[in-house]
Amino acid sequence: MRRKILIVDDEKNIVDILKYNLKKEGFDTVEAYDGKQALEMVEREKPDLILLDIMLPEYDGFTVCKKIRQTLNTPILMLTAREEEVDKVLGLELGADDYITKPFSPRELMARVKANLRRVADDNKQVTQNEVIVCGDLTIDVNRYEVRRGSDVIELTLREFELVKFLASQKGQIFTRENLLEKVWGYEYYGDVRTVDVTIRRLREKLEKIPSKPEYILTKRGVGYYFNPAV
């Protein structure tokens, strides 16, 4: 079955370029040119993945992302013309799976689209198991996509959950940013390693009692990140 991609951008020339490259790779596409239309298209077309620009008429991309995440886990790749980290942090916090900074190469775009679709397919193939990971006062319920500290549920985005689950299931093993992009995001060469740093920082703010002195997710200076084997 051909996968359907929703392209949301108010610049027609960008939409046309994206359509051309996606169709060349065998994808079907639908388009929206403002935030309101994007939400209508998501409801009507049920796309497999969404390419979502930040700067949009009606509703901006952040608002659209937040509204979509209230009901759906469809992969969302934010398109931004700005390098400002605050935009990237906000997009990831609202539930976007990643961001791509304009201008980007068609090759990079296709790598990220395929990686996100592949991860969704892999997740759907997994056999349901009652897997719970306990680390100190943290409980990671794999089947319910839920992390609790004691009895309190910690609200995480899907990507944040996948990252903490991956690290906690392999306590003490150090992973470089590139390793994590490949294992958690599904990217090999084309991922931006800052995506990992942003997501780790957000996780620490949510999981750690003192984010500046982490107890769970630790840094191996000059190498990468690992989950504390002592908890």
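So, how was this worked out
- Residues numbered from 1 in each chain as written.
- Predicted model: local features only at pLDDT ≥ 70, side-chain atom pairs only at ≥ 80, totals over all residues.
- Heavy atoms only, no water.
- Pairing = 2+ DSSP bridges.
- Helix = DSSP H or I, 4+ residues; strand = E, 2+ residues; numbered from the N terminus.
- Axes fitted to C-alpha atoms, helices over the stretch in contact; angles between N-to-C directions.
- Contact = heavy atoms within 4.5 Å.
- Parallel < 35°, antiparallel > 145°, perpendicular 65-115°, else oblique.
- Nonpolar A, V, L, I, M, F, W, Y, C, P; charged D, E, K, R; others polar.
- Core = buried A, V, L, I, M, F, W, Y, C linked by side-chain atoms within 4.5 Å.
- Buried < 20%, exposed > 50% of the residue type's maximum accessible area, 1.4 Å probe, protein only.

**Topic: the sheet that holds strand β1 (residues 4-8)**
- Read across the sheet, 5 strands follow the order β2-β1-β3-β4-β5 without closing on themselves; strand pairing throughout is parallel. Sheet topology places β2 (28-32) and β5 (98-101) at the edges, where each strand pairs with a single neighbour. Each strand axis lies, on average, 20° off the axis of its neighbour in the sheet, ignoring direction.
- With respect to the sheet, helix α3 (residues 61-69) is in contact with β3 (49-53) and β4 (76-80), its orientation differing from that of β4 by roughly 175°.

**A word on the pairing of strand β11 (residues 217-220)**
- Note: β11 against strand β12 (residues 224-227), 4 bridges, orientation antiparallel. Counterpart to K220 in the pairing with β12 is G224.
- Between β11 and β12, which pair antiparallel one after the other, the connecting turn spans 3 residues, and G222 there sits at a positive phi close to 80°.

**Comments concerning the packing of helix α7 (residues 177-185) against helix α8 (residues 194-207)**
- It is at 9 Å that the axes of α7 and α8 come closest, and there the two elements cross at 80°. The orientation of α7 relative to α8 falls into the category roughly perpendicular. Judged by residue contacts, R177, L180, L181 and W185 of α7 engage T195, V196, D197 and T199 from α8.
- Grouping the constituent residues of the contact of α7 with α8 by class yields 4 nonpolar, 2 polar and 2 charged.

**A closer look at unusual backbone geometry**
- Between K102 and P103 the backbone carries a cis peptide bond, its omega angle lying at -5°.
- Its place among the elements puts P103 in the loop between β5 and α5 (106-125).
- Positive phi, normally seen in glycine, also occurs at E58, with a value near 65°.
- Unlike most non-glycine residues, Y145 shows phi in positive territory, near 50°.

**Describing the nonpolar core**
- Ranked by size, the top nonpolar core spans 30 residues in total, and within it V147, L167, L180 and F227 carry the most contacts.
- The set of elements that each furnish at least two residues to this core consists of β6 (132-135), β7 (138-141), α6 (158-168), α7, α8 and β12.
- At 6 residues, α6 tops the list of elements feeding residues into this core.
- Apart from residues lying up to four places away in sequence, F227 is in contact with C135, V164, L167, A168, K171, G172, Y216 and I217.
- Formed by 23 residues, the second largest nonpolar core is a distinct cluster that contains L6, V64, V89 and Y99.

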